[in-house]
Each structure stands twice: as structure tokens, then as C-alpha cells.
Amino acid sequence: MKTIVLIAMLFAAAFSASILPEGEYRISCKVNPNNVLDIEKAVNNNGANLIVYPWHSGNNQRFILSYIDGEWATLVAKHSNKALTVAGSAAGAGYQQNTNYAGNQQLFRIIKTSDGFYMIKNYETGYVLNCNSDAKSDINNRLAVQEGRDCSDGQKLVFQKLN
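Residues numbered from 1 in each chain as written. Predicted model: local features only at pLDDT ≥ 70, side-chain atom pairs only at ≥ 80, totals over all residues. Heavy atoms only, no water.

Trainee: Quick one: what's the story with the overall build of the protein, residue by residue and with numbers?
Mentor: Scanning the protein for helices and strands turns up one helix and 13 strands. Restricting the contact set of the protein to residue pairs at least 6 apart, pairs at least 24 apart contribute 54%. Summing over all exposed atoms, the protein offers an accessible surface of approximately 8,100 Å²; the carbon and sulfur share of this is 51%. (Helix = DSSP H or I, 4+ residues; strand = E, 2+ residues; numbered from the N terminus. Contact = heavy atoms within 4.5 Å. Areas by Shrake-Rupley, 256 points an atom, 1.4 Å probe, with all protein chains shown as cover.)

This is the structure in C-alpha cells:
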């Protein structure tokens, strides 16, 4: 009986604990650790693109991780207080910032990979963020896009807690 209780407690702890603590993060790419997720041109408007850009420590490169239920979370850009949002349902769709309404396009699961990195998976589409795509914004910055989960290096991220 004690064994069953212990197994149940371990199982509950494993699935109720969040992968990362809530807080402010710099999110960088495994393929080039100096490149981070960034809201293009630090604009505050809805629809501003999520790009991959060299770290300059601006608030548009800092994201607040907040859990909705211990498993699914929002990522909010510090400079605008707007949530990362998948801009479409197909592979290759980009990410933008939009007013935070905690809808399915704005909910993400942070998944730890076997080699110690993280992936960001969207609730609605099941796709993960890739920071090493060839897609470009209107002003030629590299866009972060969603694609199928294959654990490629472009999908692996480093979350560095800033506070």
C-alpha cells in the first residue's frame, strides 16, 4: 500500500510542477545563443512580429512567463504587456504580439528536451517555435515560425531567468 501511495505522490508532483518558474526571461536560440526572441522594432502595436535578433537587453527581448494552470502558460512581452500569439494554424505561420486574452493561440507548453534545452509548443496547433527558419519580415529580420516537432536545433531554446 505504501508503494502505491508513493508512486501516486510522485506522479502527481511530476505533472503538477511547472517546468520553469514564473518570471522574466531572455529566450535564446541553441543554434546561436546571442540571438534571442525579440518583438521587432520594440513597437507596442498588436500584430508586431516576433523575430530572432542579437541580444541588446531591451525590454522587447524580455518575456514574462505566467502559468494558467501549471502546464500551459502565456509569454508576455515586457515592453508592451502583450502576449505572444500564433498568427495562423499552419506550419510556417509566424508569431506576433497581441492583447492578452489567454486564448488557445496564446497558450504554450514549455517542454524540456533530453539534452537540457526547451521547446515552446502552442496549445491550439501543437506546433513548436523554430528560431532558425529562412522566413524574413518586411525589413529582412529572421522570423520565428511554428513547425512540426522534430527536436531540431532550431527548435531548442535557452530560457535565462532575469529576475
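That covers the picture; the talk isn't over yet.
Trainee: Lay out the side chain of S133 with the relevant residues and their values.
Mentor: By secondary structure assignment, the location of S133 is in the loop between β10 (128-130) and β11 (142-143). Only 3.3 Å separates the side chain of S133 from the backbone nitrogen of A135, close enough to count as a polar contact. (Polar contact = N/O pair within 3.5 Å; in protein donor to acceptor, adjacent residues only side chain to side chain.)

Trainee: Please give an account of the environment of I111 that cites residues and values.
Mentor: Relative to the helices and strands, I111 is located in strand β8 (residues 108-112). Taking the relative accessible area as the measure of exposure, I111 reaches 13% and is therefore buried. Separated by 45 residues in sequence, I111 and K156 have C-alpha atoms that sit 9.6 Å apart. Ignoring sequence-local partners within four residues, the contact set of I111 consists of F117, Y118, M119, K121 and R149. (Buried < 20%, exposed > 50% of the residue type's maximum accessible area, 1.4 Å probe, protein only.)

Trainee: Pulling in residues and values, what's your account of the packing of aromatic side chains?
Mentor: Where two aromatic rings form a pair, the distance of their centres and the angle of their planes describe that pair. Tallying each qualifying case throughout the model produces four aromatic pairs. An angle of 85 degrees between the planes, with centres 4.7 Å apart, marks the rings of W72 and Y123 as edge-to-face. You can see W72 sitting in strand β5 (residues 72-77) and its partner Y123 sitting in the loop between β9 (118-122) and β10, a full 51 residues away along the chain. When the ring of Y118 is compared with that of F159, the centres are 5.6 Å apart and the planes differ by 75 degrees; the resulting orientation is edge-to-face. Of this pair, Y118 sits in strand β9 while F159 sits in strand β13 (residues 157-161), and the two are 41 residues apart along the sequence. Here Y118 matches F159 in class, with each residue buried. For the cation-ring pair, K161 lies above Y25, with the distance from its terminal atom to the ring centre recorded as 5.9 Å. (Phe/Tyr/Trp six-rings, centres within 6.5 Å; stacked < 30°, edge-to-face > 60°. Lys NZ or Arg CZ within 6 Å of the ring centre and 35° of its normal.)

The analysis is restricted to geometry; functional conclusions fall outside its scope.
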